[in-house]
Amino acid sequence: MELKAIHCFLILLIISSICDASRLSQLNKTPLKSIESKDGDVIDCVHIYHQPAFDHPLLKDHVIQMRPKHQPEGVLAENRQFNRRKSITQLWQSSGSCPEETIPIRRTKQADASGANFIPSNLHNKGANTELIGQATTLQFVATLVGGDQYHGATAHINVWEPQVQQSSDFSSSQLSFAAGSDVSNFDNIQAGWHVYPLLYGDSSTRLFIAYFTIHNSQTIGCYNLLCSGFVQTSNEIALGAAISPLSTFHGAQFGIDVLIFKDPSQDVWWLHYEGTPIGYWPSKLFADLANTASAITWGGSVLSSESDGQQTTTQMGSGHFPEEGFGGASYIRDLYLVDESLKLKPLGNPTTSAKQPNCYNITLGRNEGGGDFIFYGGPGRNPNCP
C-alpha cells in the first residue's frame with residue numbers, strides 16, 4: 001500500500017495550481033536582505049518568524065524550537081568526518097550569507113511559479129492546471145523499503161548527480177521518504193533529497209528539496225520546500241530548493257549529501273538534519289497518520305514523465321547508468337539506518353527492493369561488514385531493452 005500511495009503522491013506533483021500574481025506575492029515574503037546567486041537565483045533573508053510556516057492556521061502561535069532536545073547517536077560520526085573532506089555547498093553561499101534570526105528562502109519567479117504547489121483541495125479543483133492533468137503521466141521508481149512496523153527515523157547518504165531530463169515537466173529525484181496511512185485516500189508523507197525539476201525551478205540544476213503532503217477526506221495539502229506553510233526552518237545557512245555543488249562525475253570524484261529525519265518525542269516534531277546540521281522540522285500537528293511514527297520508509301529514486309507518444313522517456317535516474325556499473329558509475333545511497341524509539345541507530349533488518357520496470361531503471365541492495373545497508377540504483381530510461 002505504501003508504494004502505491006507514494007506513487008499517487010508523485011503523480012500529484014505535476015498537477016499544479018495556476019499561480020497568478022497574488023499567489024506569487026504570498027510565496028515571496030518581504031526580506032531583510034537579498035542575495036543574488038551566480039546561477040541566477042535570488043535568495044531572500046526573511047525574519048525567522050515571518051517565514052511561510054506561520055501562515056498555517058495550526059501554527060499561528062507556534063514557538064520555534066531552534067534545536068532538537070535529543071539527537072540520534074550511532075555509527076555515523078566517523079562517516080561525517082570523512083564526508084567533511086568532500087563537503088557539499090550551495091551555489092548562493094559564495095555570494096553572501098543571511099544574518100542571525102533570518103532564514104534563506106529561494107525567491108519564486110513568475111516563470112517557474114506554475115509548479116509551486118499541489119492542488120489545494122482535490123483533483124477536480126477548478127484552479128488546477130488542466131493541461132497537465134490531460135497529459136499521460138508515467139512514474140518510474142526504484143526503492144528499498146521497510147514496512148509493517150513503527151519507525152521513528154532514518155538516515156541516508158545520497159550520492160548527487162545531474163541526470164538529464166527529456167522535457168521540462170519531467171523530474172528525476174533521489175530521496176529518503178517516510179509514510180503512514182491506512183490507504184491511498186488517507187495518507188501522510190515527508191521526503192528529503194535532491195532532484196532535477198525544470199518546471200518548478202526554470203532550469204535543470206540539481207537542487208536540495210523537501211516535500212510533505214497529506215491526503216485526508218479527499219483533501220490534498222502539501223508542497224515542495226517552503227512553497228506552502230508547514231515546515232518550520234531554523235537554519236540561516238541552507239536554502240531549500242537551492243542548487244547543490246559540487247556534483248559527481250562518471251568514474252570521477254563522487255559527492256553526496258547526508259540526510260537524517262527523526263521524531264523528537266519531547267518536542268513532538270519530525271526533525272530534518274542536512275549535512276549533520278538540524279535545518280528545521282515538520283510539527284506533528286500537521287499530520288493525522290504520521291503524527292507519532294511512520295509505517296514505511298523508502299530509499300531510492302523516481303522519474304516522472306508526461307511523455308504521450310507511447311515510448312519510454314529518456315529522462316535519467318541517478319547517474320543515468322544501471323546499478324551493475326557500481327561505485328563511480330551508478331548512483332548510490334549508503335548509510336541506510338533506522339532510528340529506534342530510544343534514538344539509537346540500528347540496521348534495517350530485512351528490507352525489500354522494488355523496481356517498476358527493471359529494464360529501464362533498476363536497484364541492487366548490499367550490506368557493509370559494519371552493518372550499514374547500501375543501494376546502487378538508476379538507469380537511462382529508454383534503451384533497446386526498454387522501448
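Only a predicted model underlies this, so the values are computations on that prediction, with no experimental measurement involved.

Analysis parameters
Residues numbered from 1 in each chain as written. Predicted model: local features only at pLDDT ≥ 70, side-chain atom pairs only at ≥ 80, totals over all residues. Heavy atoms only, no water. Pairing = 2+ DSSP bridges. Helix = DSSP H or I, 4+ residues; strand = E, 2+ residues; numbered from the N terminus. Phe/Tyr/Trp six-rings, centres within 6.5 Å; stacked < 30°, edge-to-face > 60°. Buried < 20%, exposed > 50% of the residue type's maximum accessible area, 1.4 Å probe, protein only. Axes fitted to C-alpha atoms, helices over the stretch in contact; angles between N-to-C directions. Disulfide = S-S within 2.5 Å. pLDDT = per-residue confidence, 0-100. Contact = heavy atoms within 4.5 Å. Polar contact = N/O pair within 3.5 Å; in protein donor to acceptor, adjacent residues only side chain to side chain. Salt bridge = Lys/Arg side-chain N within 4 Å of Asp/Glu carboxyl O.

This part takes up the pairing of strand E20 (residues 362-367). Bridge analysis of E20 against strand E21 (residues 373-378) gives six bridges, and the strand direction is antiparallel. In the sheet register, Arg 367 faces E21, and the bridge partner there is Asp 373. Counted between consecutive antiparallel strands, the loop separating E20 from E21 contains five residues, among which Gly 371 sits at a positive phi close to 110°.

Note on aromatic pairs: each is described by the distance of the centres and the angle between the planes. If you walk through the whole model with that rule in mind, you get twelve aromatic pairs. Look at Phe 187 and Phe 213: their rings are 6.0 Å apart centre to centre, the planes differ by 40°, and that puts the pair in the tilted class. Residue Phe 187 is located in strand E8 (residues 186-196), and its partner Phe 213 is located in strand E9 (residues 207-216); the two are separated by 26 residues in the primary sequence. Residues Phe 187 and Phe 213 agree in their burial class; the two are buried. A ring pair is formed by Phe 209 and Tyr 224, whose centres lie 5.6 Å apart and whose planes are at 90°; its orientation type is edge-to-face. Here Tyr 224 lies in strand E10 (residues 219-224) and Phe 209 lies in strand E9, a separation of 15 residues in the sequence. A connected cluster of aromatic rings, assembled from ring pairs, spans Phe 171, Tyr 197, Phe 209 and Tyr 224.

Pairing in this open sheet of three strands is antiparallel, and the strands run E1-E2-E4 from one edge to the other. Strands with a single pairing partner mark the edges of an open sheet, and in this sheet they are strand E1 (33-36) and strand E4 (102-106). Each adjacent strand pair in this sheet contributes to an overall mean axis angle of 25°, direction not counted. Strand direction decides the pairing type here: strand E2 (residues 42-47) and E4, joined by five bridges, are antiparallel. Residue pairing in the sheet places Ile 43 in a bridge with Arg 106 of E4.

Right, let's get into unusual backbone geometry. Residue Pro 246 is bonded to the preceding Ser 245 through a cis peptide linkage, with omega at -5°. Relative to the assigned elements, Pro 246 resides in the loop between strand E12 (244-245) and strand E13 (256-264). A positive phi is found at Asp 335, a non-glycine position, where the angle reads about 60°. In this structure, Asp 335 sits in strand E17 (residues 331-339).

Another point: the sheet that holds strand E16 (residues 294-305). Judged by pairing direction, the sheet is antiparallel, and its seven strands sit side by side in the order E10-E9-E8-E7-E16-E5-E19 without closing on themselves. Taken across any chain shown, the strands that pair with only one partner, and hence form the sheet edges, are E10 and strand E19 (352-355). The mean angle between the axes of side-by-side strands here comes to 15°, regardless of whether they run parallel or antiparallel. Bridge analysis of strand E7 (residues 171-183) against E8 gives eleven bridges, and the strand direction is antiparallel.

In this section: the state of the cysteines. Taken as a whole and assessed by the stated rule, the structure comprises three disulfides. Between the sulfur atoms of Cys 45 and its disulfide partner Cys 98 the distance amounts to 2.1 Å. Disulfide Cys 45-Cys 98: the torsion about the S-S bond is -80°, which places it as left-handed. Pair noted here: Cys 45 is in strand E2 and Cys 98 is in the loop between strand E3 (89-90) and E4, with a separation of 53 residues, a long-range link. Paired by a disulfide, Cys 360 and Cys 386 hold their sulfur atoms 1.8 Å apart.

A few words now on the confidence of the model for the protein chain. Summing up the model confidence of the protein chain, the mean pLDDT is 85 and the portion of residues at 70 or higher is 81%. Note on residues 81-85: pLDDT is under 50 here. Beyond four places in sequence and across chains, it has four contacts. Confidence drops under a pLDDT of 50 for residues 117-135, and excluding neighbours within four residues, the segment shows 44 contacts in the predicted structure.

Right, let's talk about the side chain of Ser 177 for a bit. Tracing the sequence through the fold places Ser 177 in strand E7. Judged by relative accessible area, Ser 177 falls into the buried class, the value being 2%. At 2.9 Å, the side chain of Ser 177 forms a polar contact with the side chain of Asn 189.

Turning our attention to the pattern of salt bridges. Opposite charge on two side chains makes pairing possible when the charged atoms of those side chains draw close. The final tally for this structure, using the stated rule, is eight salt bridges. Salt-bridge contacts for Asp 41 lead to Arg 207; the nearest nitrogen and oxygen are separated by 2.7 Å. In this pair, Asp 41 is assigned in the loop between E1 and E2 and Arg 207 in strand E9, connecting sequence segments 166 residues apart. You'll find Asp 41 and Arg 207 in the same group, each marked buried. Residue Arg 367 pairs with Asp 373 through a salt bridge whose shortest N-O separation is 2.9 Å. Asp 373 gets classed as buried once you look at its relative accessible area, which sits at 2%. Sharing partners across several salt bridges, the network here consists of Asp 41, Arg 106, Asp 203 and Arg 207.

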